[in-house]
Amino acid sequence: MEDNIVKVRGRHGTKSLDITIPVKISEKYDIKPGDLFKVVAKKEKNGTKIVYSLIYKSNR
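Everything numeric here is computed off the predicted structure, so don't read it as measured data.

Thresholds applied
- Residues numbered from 1 in each chain as written.
- Predicted model: local features only at pLDDT ≥ 70, side-chain atom pairs only at ≥ 80, totals over all residues.
- Heavy atoms only, no water.
- Pairing = 2+ DSSP bridges.
- Helix = DSSP H or I, 4+ residues; strand = E, 2+ residues; numbered from the N terminus.
- 1 Å grid on protein atoms, 1.4 Å probe; cavity = no way out; pocket = protein on both sides within 12 Å on 5 of 7 lines; lining within 4 Å.
- Points joined across faces, edges and corners; volume = space filled by probe spheres on them.
- Salt bridge = Lys/Arg side-chain N within 4 Å of Asp/Glu carboxyl O.
- Buried < 20%, exposed > 50% of the residue type's maximum accessible area, 1.4 Å probe, protein only.

**Student:** Help me understand the pairing of strand β3 (residues 36–44) in this model?
**Tutor:** Looking along a regular strand, one sees the side chains alternate between the two faces of the sheet. Pairing of β3 with strand β4 (residues 47–56), which is carried by 9 bridges, proceeds in the antiparallel orientation. Its bridge partner being in β4, Lys38 is matched across the sheet by Ser53. A loop of 2 residues connects β3 with β4, the two strands running antiparallel in sequence.

Quick look at the structure:
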């Protein structure tokens, strides 16, 4: 399995953070702007696990 490294970025004027989806993943799974994901985060022994589940596919 190939490691994908992403950087968390802050947004100016808000407390929201962005995590980038690498292009290979977005192309392989047809992820487009406007798609909606449910996010579940939980602490684990070795760090934090964040799981994104697609709940709405945009028509873009």
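**Student:** Sorry, what's going on with the layout of surface pockets here?
**Tutor:** Left-over empty space is what a probe sized like a water molecule reveals as it rolls over the atoms. Put simply, the largest pocket is a space of about 810 Å³. What lines the largest pocket is a set of 21 residues, among which Asn4, Thr20, Ile21, Pro22 and Ile25 lie closest to the centre. When residues in the lining of the largest pocket are grouped by element, the largest group, 3 residues, is from helix α1 (residues 23–28).

**Student:** So what exactly am I meant to see when it comes to the pattern of salt bridges here?
**Tutor:** Pairs can form between side chains of opposite charge once their charged atoms are near each other. Tallied over the entire structure, the rule returns 4 salt bridges. Note that Asp18 and Arg11 form a salt bridge whose closest N and O atoms lie 2.8 Å from each other. With a relative accessible area of 47%, Arg11 lands in the partly exposed category. The partner of Asp35 in a salt bridge is Lys57, and the shortest N-O contact between them spans 2.9 Å.

**Student:** Would you take a moment to explain the environment of Val51 for this structure?
**Tutor:** Following the sequence through the fold, Val51 ends up in strand β4. Classification of Val51 by relative accessible area gives partly exposed; the value is 38%. Sequence separation of Val51 and Pro33 is 18 residues, and the distance between their C-alpha atoms is 18 Å.

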